[in-house]
Amino acid sequence: MTDVSSMGPQDGDDREVLTNRQGHPVYDNQNQRTVGARGPATLENYQFLEKISHFDRERIPERVVHARGVTAFGFFEAYGKWGDEPIGGLTRAKLFQEAGKRTPVALRFSTVIGGRDSAETARDPRGFAIKFYTEDGNWDLVGNNLAVFFIRDAIKFPDVIHALKPDPITFRQDPNRIFDFMSQTPESMHMIVNLFSPRGIPSDYRHQQGFGVNTYKWVNGTGETRLVKYHWMPKQGVRSMTEEDAAAVQANDLGHATKDLHDAIDRGDYPEWELLVQMMSDEEHPELDFDPLDDTKVWPENDFPAKPVGRIVLDRNVENNFLENEQISFGTGVLVDGLDFSDDKMLVGRTFSYSDTQRYRVGPNYLQLPVNQAKSTSVRTNQRDGLMAYDQGGGGENPHVNYEPSIHGGLREAQYPTHDEQGPEIRGRVTRKRIPLTSDYKQAGQRYLLMEDWERDDLVHNFVTQLSQCDRDVQERMVWHFLMVEDDLGHRVGKGLGIGPEDVSHLKPLQSQTLDEEEKERLANLG
Ligand code: HEM
């Protein structure tokens, strides 16, 4: 093998010598091999063909959603308590137990709809995905900056994303397609009242909240389970932009939020979020006017206080965007002992989708990449081979034994957790049914009433601007929904569109809707 380092500096240049990927020194990086100075190239032009063919494969598929994003690293520090209560009685997850205990983390912020190089000023939810490299293996908490979502059943995810993505023919994001879908999807009202308010354009990633959105469970040492929701509150405060602010920022920079985060960390101004958890007993809750497994709902904080359990600090930027931001892979199935899923119908679907897309997007061995590997424990599996395998994740004394069970060595199962049967026993018919308690309007209306005047003005303005670009039938149905949400919202948006309550009072509830008593009364007095 040629010792490249011994080639010595030329002309006093002591930088290291360029090689190809076989380690061969490159003598000429300016000219292909040709027959004569002007002549044709030949097929055995190894150095050129290797260089160009690798370049041809530089891009991997971008994420189907959340393509544009930025990752930073840091730590999670536990408080050892849930509010004032010792945390051990609530979850046995090790990372939460001791006050001051630190767990390394990676956090990727993102926008949802645009491509990898799209503008970060878009009105769009922002992703807030965290990988905790715990001693029990990785835990991913994959959330957004808004507390609720557009839909409540994973089977609708491709539809909502198709409606929000560019038109398949014109390749333009089109309000007429977006509001066509939303007008037929009443559970989206709560989300769009948030998304079209100023909260829909966070000023940057440091000044936004994060929410787990879906309902998870905590499991304690005796196997008792509780339903939980996660919230991240920025120490930097929450800031938003209006459309005008966003247009001014976008005129100068498509990546202002990535730059803001990167620069803050570079100058030692480390951003920080506190993690708060809401909790509810793990059973059905007929006393509530919403379903706690419905991700279009928030849990009222007066009844279910959000109590702090720790904080996260980001203190390191990526060293390589492709390795650490493009290839990082999160999933809602990535949980550790003491944390569990709920039956939230979105969460179940998400849990299949993430690792499925990552096997396609990054490759079947995506978990061998350093950024995705468990860091605070070792990985020992009998899963082998596949494209780009380099770490066989083996173990045990006998490397011949890549199966289990064996009396010749190999890996053994861990001791079974003492409390394997967690949560309530569920009985029911296999069926396809909406959840019985949909309550699609009430929380959207409460959110509207909680807004400050300028936020309401901005929301109405944004709805009118968007809906002005829609067909009349879509406009009418949206005004109908807004009147069901809150009279004032329906009147104001309707006025902006020239549509009064009398123009929509003939509309019947959608076939997919079952109104509750309160909603029926509202419908009877529409407007
Ligand atoms: C990314 C699916 C709902 C937050 C993704 C990706 C897929 C996906 C396929 C790309 C992952 C990758 O290429 O690595 C789904 C499905 C959903 C759903 C099927 C509904 C059933 C949600 C919800 C949230 C969310 C409700 C917020 C709580 C995110 C985030 C990312 C993401 C933050 C980006 C992760 C990263 O930075 O790599 N989702 N998603 N998704 N999703 Fe979802």
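If you're wondering where the values come from, they're calculated on a predicted model, not measured in any experiment. (Residues numbered from 1 in each chain as written. Predicted model: local features only at pLDDT ≥ 70, side-chain atom pairs only at ≥ 80, totals over all residues.)

Draft legend 1. Just the packing of helix H11 (residues 472-485) against helix H12 (residues 487-497), in detail. With their axes 6 Å apart at the nearest point, H11 and H12 run at an angle of 155° to one another. Compared by their axis directions, H11 and H12 come out roughly antiparallel. The way H11 lies across H12 gives a crossing that is left-handed. Facing Gln 475, Val 479, Phe 482, Leu 483 and Val 485 of H11, the residues of H12 in contact are Asp 487, Leu 489, Gly 490, Val 493, Gly 494 and Leu 497. Taken together, the residues of the contact of H11 with H12 break down into seven nonpolar, three polar and one charged. (Axes fitted to C-alpha atoms, helices over the stretch in contact; angles between N-to-C directions. Helix = DSSP H or I, 4+ residues; strand = E, 2+ residues; numbered from the N terminus. Parallel < 35°, antiparallel > 145°, perpendicular 65-115°, else oblique. Left-handed = near helix turned anticlockwise from the far one by under 90°. Contact = placed C-beta atoms within 7 Å. Nonpolar A, V, L, I, M, F, W, Y, C, P; charged D, E, K, R; others polar.)

Draft legend 2. Expanded view of unusual backbone geometry. Cis geometry is found at the peptide bond from Glu 404 to Pro 405, where omega equals 10°. Counting through the fold element by element, Pro 405 comes out in the loop between helix H8 (345-361) and helix H9 (442-450). Here Phe 171, not a glycine, exhibits a phi torsion of approximately 55°, which is positive. Looking at the element boundaries, Phe 171 is found in the loop between helix H2 (157-164) and helix H3 (175-183). With 9 C-beta atoms packed within 10 Å, Phe 171 lands in the exposed category. Within the chain, Met 388 stands out as a residue other than glycine whose phi angle is a positive 65°. (Buried ≥ 20, exposed ≤ 12 C-beta atoms within 10 Å, placed from the backbone.)

Draft legend 3. Quick peek at the confidence of the model for the protein. Looking at the protein as a whole, its pLDDT mean stands at 94, while 96% of the residues score no less than 70. With pLDDT under 50 throughout, residues 1-8 is counted as low confidence; its partners more than four residues away or in other chains account for nine contacts. Across the interface, the model reports ipTM at 0.97; the global pTM reads 0.95. (pLDDT = per-residue confidence, 0-100.)

Draft legend 4. View of the nonpolar core. By size, the foremost hydrophobic cluster in this structure holds 88 residues, and its most contacted members are Val 105, Leu 107, Val 193 and Val 485. Sequence-distant contacts of Leu 107, defined by excluding residues within four places in its chain, comprise Thr 71, Ala 72, Ala 129, Ile 130, Ile 312 and Leu 314. (Core = buried A, V, L, I, M, F, W, Y, C linked by C-beta atoms within 7 Å.)

Draft legend 5. Local environment of the site of the ligand. In the vicinity of the ligand, 28 residues are found, and the nearest of them are His 66, Arg 108, Gly 127, Ala 154 and Val 213. Mapped onto the shell around the ligand, the elements with two or more residues apiece are strand S4 (102-111), strand S5 (126-134), strand S6 (137-144) and H8. Considering each element in turn, the shell around the ligand owes the most residues, eight residues, to H8. Grouping the amino acids of the shell around the ligand by side-chain chemistry returns twelve nonpolar, eleven polar and five charged. (Near = placed C-beta within 6 Å.)

Draft legend 6. Up close: the environment of Asn 325. Considering the arrangement of structural elements, one finds Asn 325 in helix H7 (residues 321-326). Along the sequence, Asn 325 and Tyr 230 sit 95 residues apart, while their C-alpha atoms lie 23 Å from each other.

Draft legend 7. Structural detail: the environment of Gln 373. Along the chain, Gln 373 turns up in the loop between H8 and H9. Separated by 45 residues in sequence, Gln 373 and Ile 328 place their C-alpha atoms 9.7 Å apart. Beyond its immediate chain neighbours, meaning those up to four positions away, Gln 373 contacts Leu 367, Gln 368 and Val 379.

Draft legend 8. Geometry of the packing of helix H10 (residues 453-467) against H12. Running from amino to carboxyl end, H10 crosses H12 at an angle of 40°, the nearest separation of the two axes being 9 Å. Accordingly, the angle class assigned to the pair H10 and H12 is oblique. Crossing hand, H10 versus H12: right-handed. The segment H10 lies against H12, with Val 460, Phe 463, Val 464 and Leu 467 engaging Arg 492, Val 493, Gly 496 and Leu 497. A breakdown of the residues in the contact of H10 with H12 according to their chemical character gives six nonpolar, one polar and one charged.

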